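One-letter residues, chain by chain:
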Amino acid sequence: MIRERTFAEALEHRRSYYSISNDSPVLDEEIVHIIRTAVKYVPSAFNSQTTRVVLLLGDEHQKLWRIVKDQLEERLSEEQYRQSEKKIDTSFSCGYGTILFFEDRSIVEGLQKQFPTYQDNFPTWSQQTSAMHQLVIWTMLEDKGLGASLQHYNPLIDEDVRSTWHLPETWQLIAQMPFGTPVAEPGEKEFNDLSERIKIFI
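Everything numeric here is computed off the predicted structure, so don't read it as measured data.

Peer 1: So what exactly am I meant to see when it comes to the overall build of the protein chain here?
Peer 2: Looking only at helices and strands, the protein chain features seven helices and five strands. Listing each helix as α and each strand as β along the protein chain from the N terminus yields α-β-α-β-α-α-β-α-α-β-α-β. Relative to the globule expectation of 17 Å for 202 residues, the C-alpha radius of gyration of the protein chain, 18 Å, shows essentially globular dimensions. Taking the principal axes of its C-alpha atoms as reference, the protein chain extends roughly 50 × 45 × 40 Å. A total of 202 residues make up the protein chain; the buried ones form 39% of that total. The contacts of the protein chain with a sequence gap of at least 6 include a subset with a gap of at least 24, amounting to 84%. One finds the centroid of the 21 positive side-chain charges in the protein chain at a distance of 3 Å from the centroid of its 31 negative side-chain charges.

Peer 1: Is there a simple way to explain the side chain of Asp104 in this structure?
Peer 2: Here Asp104 lies in strand β3 (residues 97-104). A residue is classified by how much of its surface remains accessible, and Asp104, at 7% relative accessible area, is buried. Of the polar contacts made by the side chain of Asp104, one reaches the side chain of Arg52; its length is 3.5 Å. Side-chain polar atoms of Asp104 contact the side chain of Thr170, separated by 3.1 Å.

Peer 1: What is the right way to read helix α3 (residues 59-75) from this model?
Peer 2: Structural remark: α-helix, 3.6 residues per turn; residues separated by three or four positions point the same way. An ideal rise of 1.5 Å per residue puts 24 Å on 17 residues; α3 measures up with 25 Å between its terminal C-alpha atoms. Along α3, the residues classified as buried are His61, Leu64, Trp65, Ile67, Val68, Lys69, Gln71 and Leu72. Lining the buried residues of α3 we find β2 (51-57), α4 (78-91), β3, α7 (158-164) and β5 (171-182).

Peer 1: Is there a simple way to explain a nonpolar patch on the surface in this structure?
Peer 2: On the surface, Leu194, Ile198, Ile200 and Ile202 cluster together into a nonpolar patch covering about 530 Å² of accessible area. Of note, Ile198 is situated in the segment after β5. Residue Ile198 is classed as partly exposed on the basis of its relative accessible area, which comes to 45%.

Peer 1: Just to check I follow, could you spell out the pairing of β3 for this structure?
Peer 2: For a regular strand, the rule is simple: side chains alternate between the two faces of the sheet. Among the eight residues that make up β3, eight are buried, leaving the element largely enclosed by the rest of the structure. The two faces of β3 match: Gly97, Ile99, Phe101 and Glu103 on one face and Thr98, Leu100, Phe102 and Asp104 on the other face are all buried. Judged from the eight bridges that link them, β3 and β5 form a sheet pairing that is antiparallel. In the sheet register, Leu100 faces β5, and the bridge partner there is Gln176.

Peer 1: Explain the environment of Arg14 to me, please; I cannot follow it from the model alone.
Peer 2: By the secondary structure assignment, Arg14 is in the loop between α1 (7-13) and β1 (20-21). A sequence separation of 127 residues divides Arg14 from Leu141, and the C-alpha atoms of the two residues are 9.0 Å apart. Residues in contact with Arg14, not counting those within four places in the same chain, are Leu135, Trp138, Thr139, Glu142 and Lys189.

What counts, and where the lines are drawn
- Residues numbered from 1 in each chain as written.
- Predicted model: local features only at pLDDT ≥ 70, side-chain atom pairs only at ≥ 80, totals over all residues.
- Heavy atoms only, no water.
- Helix = DSSP H or I, 4+ residues; strand = E, 2+ residues; numbered from the N terminus.
- Rg over C-alpha atoms; globule rule 2.2 N^0.38 Å.
- Buried < 20%, exposed > 50% of the residue type's maximum accessible area, 1.4 Å probe, protein only.
- Contact = heavy atoms within 4.5 Å.
- Lys, Arg positive; Asp, Glu negative; His and termini not counted.
- Charge placed at Lys NZ, Arg CZ, Asp CG, Glu CD.
- Polar contact = N/O pair within 3.5 Å; in protein donor to acceptor, adjacent residues only side chain to side chain.
- Expected span 1.5 Å × (residues − 1).
- Patch = residues over 30% accessible without salt bridge, like charges linked within 9 Å, V, L, I, M, F, W, Y side chains within 5 Å.
- Areas by Shrake-Rupley, 256 points an atom, 1.4 Å probe, with all protein chains shown as cover.
- Salt bridge = Lys/Arg side-chain N within 4 Å of Asp/Glu carboxyl O.
- Pairing = 2+ DSSP bridges.

Below you can see the structure in the form of structure tokens.
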């Protein structure tokens, strides 16, 4: 009998994978289930449920990274673009799919009007719930044998992404998570001294 990882073990095992292939050890339905589970159960301030998620597979996944390259080509020197193109082709577009994370600004703005005392906090709380969704999905993907990384080509690609997939204007793109089957181990990760990062008072 194979023992399932605990949450702590899964979290410890999560890493950024930049060498991935365009296949998956699990069915698409399992990936969808992971996303649905996270979106349903990850908490949000005032139960606002501001996070929106888009899953891109197959040609739709490739379409996203073509958008990224087109935007970079307009802005970078030829040498800089070639370096970026190589990174995208070997670490992101080569994967099985990409998950896009958004926050719905209309809900945030509505809460700001409804609760003016906390109006300055709602954008921060929105970012926090997005981060929780990212971590949960990332960890659950890795627990299924998929490697992922987190990228931020927004806001360069925001307009093209919304128009390509006909998404609401109020959806603000936060991050992109390409994923696939790992084909190489990630590099060593260094950790700062926890005694400098944690204070305990009893």
